[in-house]
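Structure assessment
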Amino acid sequence: MADGVLSFPLTSFHDDGSLDPDGFRAYVAERIATGPGAVFPACGTGEFFSLDEDEYRQVVTITVEEAGGRVPVVAGIGYGWAQAVRFARIAEEAGADALLVLPHYLVTAPQDGLVAQLEQIAARTRLPLIAYQRGQVAFSVASLKRIADIPTVVGLKDGHSDLDRLQRLTLAAPEDFLFFNGAATAEIQARAYATVGVPAYSSAVHAFAPEIANAFFTAFQGGDDGTVDKLLRDFYVPLVELRDRVPGYAVSLVKAAARLRGCPVGPVRAPLTDPSAADLADLELLLAAGLDLVGAAL
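Here we summarise the structure given alongside this text. (Residues numbered from 1 in each chain as written. Predicted model: local features only at pLDDT ≥ 70, side-chain atom pairs only at ≥ 80, totals over all residues. Heavy atoms only, no water.)

**A look at the environment of L298**
In this fold, L298 is placed in the segment after α11 (277-293). Between the C-alpha atom of L298 and that of A257, which follows or precedes it by 41 residues, the distance is 10.0 Å. Once residues within four sequence positions are removed from consideration, L298 is found in contact with L260, R261, E284, L287 and L291. (Helix = DSSP H or I, 4+ residues; strand = E, 2+ residues; numbered from the N terminus. Contact = heavy atoms within 4.5 Å.)

As structure tokens, this is what we get:
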């Protein structure tokens, strides 16, 4: 998975909010054609929290069909362990290769509970699990060692960006345990994560501009600091500043950018809201400038 950008596709909806399977199939096929290291349907960017079980089944099934075994498909699951297992079984039946366990719903839990959540899920699915620490989920070193002992827990995605804690976790983990940079707009912190042994990262930009995401990845992997700096300064930092204007823009701004490029993804579902006209205009200018940096067109 470290050999390419980790792609987190958007989920396509019609204007009335209903699922658009045909639009999603066309969209996810385009993402896979750009050669990501893995594709993660129905996760945060894919609005997992807003999907019912039938919609989830369609999204994962379509992704597996379009991937055709060329890249791993890692489906998102979440909520309490009983509901997470329901989604896990759907993903397993659909042919997913692994599961990303999103942070559980609402409550703050002690370390024993965080471990037990993964134990309960692992006992009920054969698929490999990647834990996702973000929000109310943060594993201690002792807990990391415990979850790494669960045979099917193979990795951890980090969204806290606490590099002190993360370094301690990477040093405590088995050598073959996977770690991923899951920070919002992960490219901003790609260098910092790499210094503690975590070079792999997810890319929200890949959801709407794989040309930019792949150009950054190539430069980052090749040690081309000049290109990395230029992309960060002229595209990624302004994107983060725009994203931070309104809660939820981490998803809805990404979806708006995909629509600007003609991708059939539709609007976001409530409680998210689509960007304002003013923010959309700023996004279009930034997107055009970012694509120009890598020799691509809007």
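**Re the pattern of salt bridges**
Scanning the model with the defined rule gives 19 salt bridges in all. Between R31 and E30 there is a salt bridge whose closest N-O contact spans 3.2 Å. Looking at R31, the relative accessible area reads 4%, which means it is buried. What makes E30 partly exposed here is its relative accessible area of 42%. (Salt bridge = Lys/Arg side-chain N within 4 Å of Asp/Glu carboxyl O. Buried < 20%, exposed > 50% of the residue type's maximum accessible area, 1.4 Å probe, protein only.)

**Quick look at the sheet that holds strand β3 (residues 74-77)**
In any sheet, the strands associate via hydrogen bonds between backbone groups, in a parallel or an antiparallel arrangement. If you trace the 5 strands from one edge of the open sheet to the other, you get β3-β4-β5-β6-β7, paired in parallel fashion. Edge positions in the sheet fall to β3 and β7 (178-181), since each of these pairs with one other strand and no more. Recorded for the sheet is a direction-independent mean angle of 25° between the axes of neighbouring strands. Note that strand β6 (residues 153-158) and β7 share 4 bridges and pair parallel. The residue of β7 that forms the bridge with L156 is F179. (Pairing = 2+ DSSP bridges. Axes fitted to C-alpha atoms, helices over the stretch in contact; angles between N-to-C directions.)

**Notes on the sheet that holds strand β8 (residues 202-203)**
Read across the sheet, 3 strands follow the order β2-β1-β8 without closing on themselves; strand pairing throughout is parallel. With partners counted over all chains shown, the strands left at the sheet margins are β2 (38-39) and β8, one partner each. Direction of pairing for strand β1 (residues 6-7) relative to β2: parallel, over a ladder of 2 bridges. The residue of β2 that forms the bridge with L6 is A38.

**A short note on the packing of aromatic side chains**
All chains considered together, the criterion is met by 13 aromatic pairs. Ring plane angle 35° and centroid distance 5.3 Å describe the contact between F48 and Y79, whose orientation is recorded as tilted. With F48 in the loop between β2 and α2 (53-67) and Y79 in the loop between β3 and α3 (81-94), this pair connects stretches of sequence that are 31 residues apart. Judged by relative accessible area, Y79 falls into the partly exposed class, the value being 24%. Ring geometry for Y79 against F87: centres 6.1 Å apart, planes inclined by 40°, an arrangement best described as tilted. (Phe/Tyr/Trp six-rings, centres within 6.5 Å; stacked < 30°, edge-to-face > 60°.)

**Remarks on the nonpolar core**
Membership of the largest hydrophobic core comes to 102 residues, with the highest contact counts inside it found for Y56, I77, L100, I147, V205, F208 and F216. Those residues within four positions of V205 in sequence are excluded, and the remaining contacts are E187, P210, I212, A213, F235, Y236 and L239. (Core = buried A, V, L, I, M, F, W, Y, C linked by side-chain atoms within 4.5 Å.)

**Some remarks on the side chain of K255**
With respect to the helices and strands, K255 occurs in helix α10 (residues 249-260). With relative accessibility at 0%, the residue K255 sits in the buried group. A polar contact is formed between the side chain of K255 and the backbone oxygen of P267, at a distance of 2.9 Å. In this view, K255 contacts L10, T11, F13, E47, V265, G266, P267 and V268; residues no more than four positions away in its chain are not counted. (Polar contact = N/O pair within 3.5 Å; in protein donor to acceptor, adjacent residues only side chain to side chain.)

**Some thoughts on helix α1 (residues 21-33)**
Here α1 contains 13 residues, and its C-alpha end-to-end distance of 18 Å stays within 8% of the 18 Å for a straight helix at 1.5 Å per residue. Buried within α1 are the following residues: G23, F24, Y27, V28, R31 and I32. One face of α1 carries all of its buried residues, which in axial projection span an arc of 160°. Exposed side of α1, more than 90 degrees from the buried face: D22 and A33 are the residues found there. At its buried positions, α1 is contacted by β1, β2, α2 and α8 (210-222). Taken from the residues just after α1, G35 is the one with a positive phi, measuring 80°. (Expected span 1.5 Å × (residues − 1). Arc of directions from axis to C-beta.)

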